[in-house]
Amino acid sequence: MSAARDIRPRQDDLANLASSPSASFNSPSSHSSTLNRIVPVNAKHLKPFATEDIKVLLLENVNETGREILSQQGYQVEFLKSSLPEDQLIEKIRDVHVIGIRSKTKLTARVLKEAKNLIVIGCFCIGTNQVDLQYAADQGIAVFNSPFSNSRSVAELVIGEMVVLARQLGDRSNEMHNGTWNKVSNGCWEIRGKTLGIVGYGHIGAQLSVLAEAMGMSVIYYDVLNIMSLGTAHQVESLEQLLAQADFVTLHVPEIAETKGMIGPKQFEQMKKGSYLINASRGTVVDIPALIDASRSGKIAGAALDVYPNEPAGNGDYFNSELNTWGEDLRSLKNLILTPHIGGSTEEAQKAIGVEVAQALVRYANEGSTQGAVNLPEVTLRSLTMDEPNHARVIYIHKNIPGVLRKVNEIIGDHNVDKQMTDSRGDVAYLMADISNVDTATIRDLYTRLESLPSRIMTRILY
Ligand SMILES: NC(=O)C1=CN([C@@H]2O[C@H](COP(=O)(O)OP(=O)(O)OC[C@H]3O[C@@H](n4cnc5c(N)ncnc54)[C@H](O)[C@@H]3O)[C@@H](O)[C@H]2O)C=CC1
Ligand SMILES: O=C(O)C(=O)COP(=O)(O)O
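Here we summarise the structure given alongside this text. Computed from a prediction, not measured in an experiment: that's the story for all the values here.

Another aspect to go through is the sheet that holds strand β10 (residues 234–235). Spatially, seven strands are ordered β10-β9-β8-β11-β12-β13-β14 in an open sheet, and the strand pairing comes out parallel. A strand with exactly one partner marks an edge of an open sheet, and here the two such strands are β10 and β14 (336–338). As paired strands, strand β8 (residues 195–199) and strand β11 (residues 248–251) are joined by four bridges and run parallel to one another. Paired with Leu-196 across the two strands is Phe-248, which belongs to β11.

This is the structure in structure tokens:
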């Protein structure tokens with residue numbers, strides 16, 4: 001069995017590498033020109049560095065299932081319960097190879113520019129709008145998420161909220177907490193027989209559709225894609241049609257340019273009088289001042305919000321509601337449920353997300369597999385074993401321009417390439433090749449030559 005080693009870009013090893021007899025390294029000028037280092041690692045699994053060298057930063061209270069998987073790899077795992085303000089994030093991210101976040105932490109181009117050692121981002125949630133995915137891809141940084149592990153939790157929350165809104169339970173409960181007995185049936189309804197309008201019929205919307213029908217509701221949905229309906233739900237052609245028919249409108253779209261302010265004054269006008277709005281997608285999808293107006297005027301009979309345009313960083317922080325033009329805020333409204341972005345916050349969801357995303361991070365760091373990545377082409381080769389002596393896996397992330405593969409194959413083609421896979425996504429391409437019968441000096445030489453190609457974004461060699 002051979003010793004397993006790895007070559008990886010790493011900024012803080014200038015001294016080690018500059019003295020390397022078999023390779024020359026230039027000073028770093030950008031993320032993609034950071035330096036590499038060669039570290040022996042344990043022979044059972046191939047690692048990108050010596051395991052104890054990998055620095056992982058986990059923010060926003062990532063579940064312990066994920067923390068354990070990463071710690072068991074021997075990585076250095078730093079865990080924080082909340083997100084960080086941008087300046088502190090920039091300080092911390094400079095040093096780390098792997099970062100795990102949830103929906104709050106914004107990984108903008110400005111932040112990522114400082115992340116010289118970063119190879120991968122794990123979003124321990126569904127949404128990836130908080131990450132500049134294209135910038136990350138352009139730097140060769142892979143991004144993973146958990147596409148559906150909390151979908152059911154969100155769908156169940158929405159079902160619960162519809163009953164709570166239809167029966168004004170939030171207000172009744174508040175009154176009782178204040179010592180007031182107020183037994184009313186006016187404006188209180190069953191949800192059976194009502195129409196639910198789902199905007200965005202993806203993982204959450206579709207799951208909700210099934211649950212709502214089981215409660216006796218009729219389901220209509222609007223989506224930019226033509227999507228097969230479940231049960232007896234049916235797709236409508238426009239948002240306007242949905243708003244005109246639905247007793248409950250619930251939003252399950254991603255935060256993208258097209259969905260910002262999707263529900264504003266005009267859409268509240270188009271809703272049925274006495275209907276309800278639920279938003280557990282992203283805060284920017286609903287115009288909050290318009291919601292306040294629609295609630296004050298009695299156009300809508302209630303609303304449930306789980307997400308906000310500006311959310312506090314951590315527990316205990318002050319929640320500041322936006323105001324309408326009259327200076328009225330959300331907290332003053334009747335029959336309004338406000339929850340602190342807990343749609344996906346169940347034990348089941350968080351445990352499953354912890355496992356799923358941490359495993360993807362380990363697979364990427366240890367083996368280079370981009371299966372499930374949201375910003376890079378999905379490329380995978382079968383798992384590496386250390387049974388094959390003098391075996392190396394070349395990972396070459398490069399600009400998707402003509403002629404690159406010829407150049408790469410000129411470099412690796414003199415060796416025994418056992419398998420190779422390449423794919424592109426937009427301007428970025430990802431190549432993986434397993435090579436046998438190569439010694440350390442050859443690996444260094446391959447690395448140096450690949451690094452010197454103008455198409456290079458990031459080179460990693462696992463061995
Ligand atoms: N409150 C919470 O804790 C949680 C919130 N979320 C949010 O919910 C969103 C939806 O989640 P999933 O259902 O898993 O996403 P998904 O990607 O499975 O489904 C989204 C659907 O929205 C549709 N869509 C996109 N743009 C649209 C537009 N302009 N008009 C109509 N439909 C449009 C898509 O075609 C897709 O079918 C996530 O992006 C995330 O932001 C997700 C999980 C938890
Ligand atoms: O999964 C998502 O997109 C969510 O919005 C849940 O976010 P969270 O992990 O609770 O910060």
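Don't stop here, the text continues.
Those residues of helix α3 (residues 86–93) that fall on the buried side of the exposure criterion are Leu-89, Ile-90 and Ile-93. The arc that holds the buried residues of α3, viewed along the axis, is 100°, so those residues lie on one side. Exposed and facing more than 90 degrees away from the buried side of α3 are Asp-87 and Glu-91. Of the surrounding elements, those touching the buried residues of α3 are β5 (98–101) and α4 (109–112).

What follows is about the site of ligand 1. Inspection of the region around ligand 1 gives 28 residues, with His-203, Ile-204, Asp-223, Ala-280 and Asp-306 positioned closest. A distance of 2.6 Å is found between an oxygen atom of ligand 1 and a side-chain nitrogen or oxygen belonging to Asp-223. A distance of 2.9 Å separates a nitrogen atom of ligand 1 from a polar atom in the side chain of Asp-306. About the coverage of ligand 1: the protein hides 87% of its 870 Å² of free accessible area. Residues belonging to the shell around ligand 1 are distributed by class as follows: 15 nonpolar, ten polar and three charged.

A few words on the site of ligand 2. The environment of ligand 2 is made up of Arg-102, Ser-103, Phe-124, Cys-125, Ile-126, Gly-127, Asn-150, Arg-282, His-341 and Ser-345. Between ligand 2 and Ile-126, the relevant distance is 2.6 Å, taken from an oxygen atom to a main-chain nitrogen or oxygen of the residue. Arg-282 is positioned with one of its side-chain polar atoms (N or O) 2.7 Å from an oxygen atom of ligand 2. Protein burial of ligand 2: of its 310 Å² of free accessible surface, 91% is covered by the chains. Classifying every residue of the shell around ligand 2 by side-chain character gives three nonpolar, five polar and two charged.

Turning to the pattern of salt bridges, a few remarks are in order. Proximity of charged atoms lets side chains of opposite charge pair with each other. By the definition in use, this model includes 17 salt bridges. Note that Glu-156 and Arg-152 form a salt bridge whose closest N and O atoms lie 2.8 Å from each other. Of this pair, Glu-156 and Arg-152 both sit in helix α6 (residues 151–166), separated by four residues, roughly a single helical turn. The exposure class of Glu-156 is partly exposed, given its relative accessible area of 44%. The exposure class assigned to Arg-152 is partly exposed, which follows from its relative accessible area of 39%. A salt bridge links Lys-272 to Asp-247, with the nearest nitrogen and oxygen atoms 2.9 Å apart.

Reading the values: rules and limits
Residues numbered from 1 in each chain as written. Chains lettered and ligands numbered in written order. Predicted model: local features only at pLDDT ≥ 70, side-chain atom pairs only at ≥ 80, totals over all residues. Heavy atoms only, no water. Pairing = 2+ DSSP bridges. Helix = DSSP H or I, 4+ residues; strand = E, 2+ residues; numbered from the N terminus. Buried < 20%, exposed > 50% of the residue type's maximum accessible area, 1.4 Å probe, protein only. Arc of directions from axis to C-beta. Contact = heavy atoms within 4.5 Å. Near = heavy atom within 4 Å. Polar contact = N/O pair within 3.5 Å; in protein donor to acceptor, adjacent residues only side chain to side chain. Areas by Shrake-Rupley, 256 points an atom, 1.4 Å probe, with all protein chains shown as cover. Nonpolar A, V, L, I, M, F, W, Y, C, P; charged D, E, K, R; others polar. Salt bridge = Lys/Arg side-chain N within 4 Å of Asp/Glu carboxyl O.

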